[in-house]
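# Residue-level structure breakdown
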Amino acid sequence: GEHRDLSAECPWRVLDSGRIAHADEDDGQQFGLPEPVIGEQRAFSLLAGKRITSVEIAPMSGDLKIRFGTETTLEFFVNSSGYESWQASVRNGRRRINLVAQGGGQISIVEDEK
């Protein structure tokens, strides 16, 4: 079967219907709402049930854009010249491909079998 993992140590946001619908800094904010925003719930609600239609990595910066359908995009912004920003892993059967956004926008790609 296929398995995907994604983790980020950098700013990220969800664009939906032509606007920023949620960003990492929104977690715990009140924004005049009855309860503070629970970031994980908000992000999942915006992405749940949507199919990934494209993945794009900016060649100079290593910024990552994952498009869901035609209206929703999850973006990761590389914000360090020295530290890793995001990591992704895709497994299909015994093959696994690991991508790491290294400092300065370099992308490390390692393929292995496990």
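Residues numbered from 1 in each chain as written. Predicted model: local features only at pLDDT ≥ 70, side-chain atom pairs only at ≥ 80, totals over all residues. Heavy atoms only, no water.

## Quick word on the side chain of threonine 72
Along the chain, the position of threonine 72 falls in strand β6 (residues 72-76). Looking at threonine 72, its side chain comes within polar contact range of the side chain of aspartate 16, at 2.5 Å. Looking at threonine 72, its side chain comes within polar contact range of the side chain of lysine 50, at 2.8 Å. (Helix = DSSP H or I, 4+ residues; strand = E, 2+ residues; numbered from the N terminus. Polar contact = N/O pair within 3.5 Å; in protein donor to acceptor, adjacent residues only side chain to side chain.)

## Digging into the sheet that holds strand β2 (residues 12-16)
On the basis of which strands lie adjacent, the open sheet formed by 5 strands has the order β3-β2-β6-β5-β4 and antiparallel pairing. Edge strands, defined here as strands with exactly one partner in the open sheet, are β3 (19-23) and β4 (52-57). Between one strand axis and the next, the sheet turns through 20 degrees on average, direction left out of account. Packed on one face of the sheet, helix α1 (residues 39-47) meets β2, β3, β5 (64-68) and β6 and runs near 140 degrees to β3. (Pairing = 2+ DSSP bridges. Axes fitted to C-alpha atoms, helices over the stretch in contact; angles between N-to-C directions. Contact = heavy atoms within 4.5 Å.)

## Brief notes about the pairing of strand β7 (residues 86-92)
Judged from the 6 bridges that link them, β7 and strand β8 (residues 95-101) form a sheet pairing that is antiparallel. Each residue of the ladder has a partner; that of serine 89, found in β8, is asparagine 98. Hairpin connection between β7 and β8: a loop of 2 residues separates the two successive antiparallel strands, and glycine 93 in this loop has a positive phi of roughly 65 degrees.

## Some remarks on α1
Turning to α1, its buried residues number three or more, namely Gly39, Ala43, Leu46 and Leu47. All buried residues of α1 project into a common sector of 90 degrees when viewed along the axis, lining one side. Opposite the buried face of α1, by more than 90 degrees, sit the exposed residues Gln41 and Phe44. The inward-facing, buried residues of α1 contact β2, β3, β5 and β6. The positive-phi residue at the C-terminal boundary of α1 is glycine 49, with phi of around 80 degrees. (Buried < 20%, exposed > 50% of the residue type's maximum accessible area, 1.4 Å probe, protein only. Arc of directions from axis to C-beta.)

## With respect to the pattern of salt bridges
Counted by the stated rule, this structure contains 6 salt bridges. Note that arginine 13 and glutamate 75 form a salt bridge whose closest N and O atoms lie 2.7 Å from each other. Taken together, the positions of arginine 13 in strand β2 and glutamate 75 in strand β6 put the pair 62 residues apart, joining distant regions of the chain. Taking the relative accessible area as the measure of exposure, glutamate 75 reaches 12% and is therefore buried. Note that glutamate 111 and arginine 95 form a salt bridge whose closest N and O atoms lie 2.7 Å from each other. Of this pair, glutamate 111 sits in strand β9 (residues 107-113) while arginine 95 sits in strand β8, and the two are 16 residues apart along the sequence. One connected set of salt bridges, linked through shared partners, spans Arg13, Lys65 and Glu75. (Salt bridge = Lys/Arg side-chain N within 4 Å of Asp/Glu carboxyl O.)

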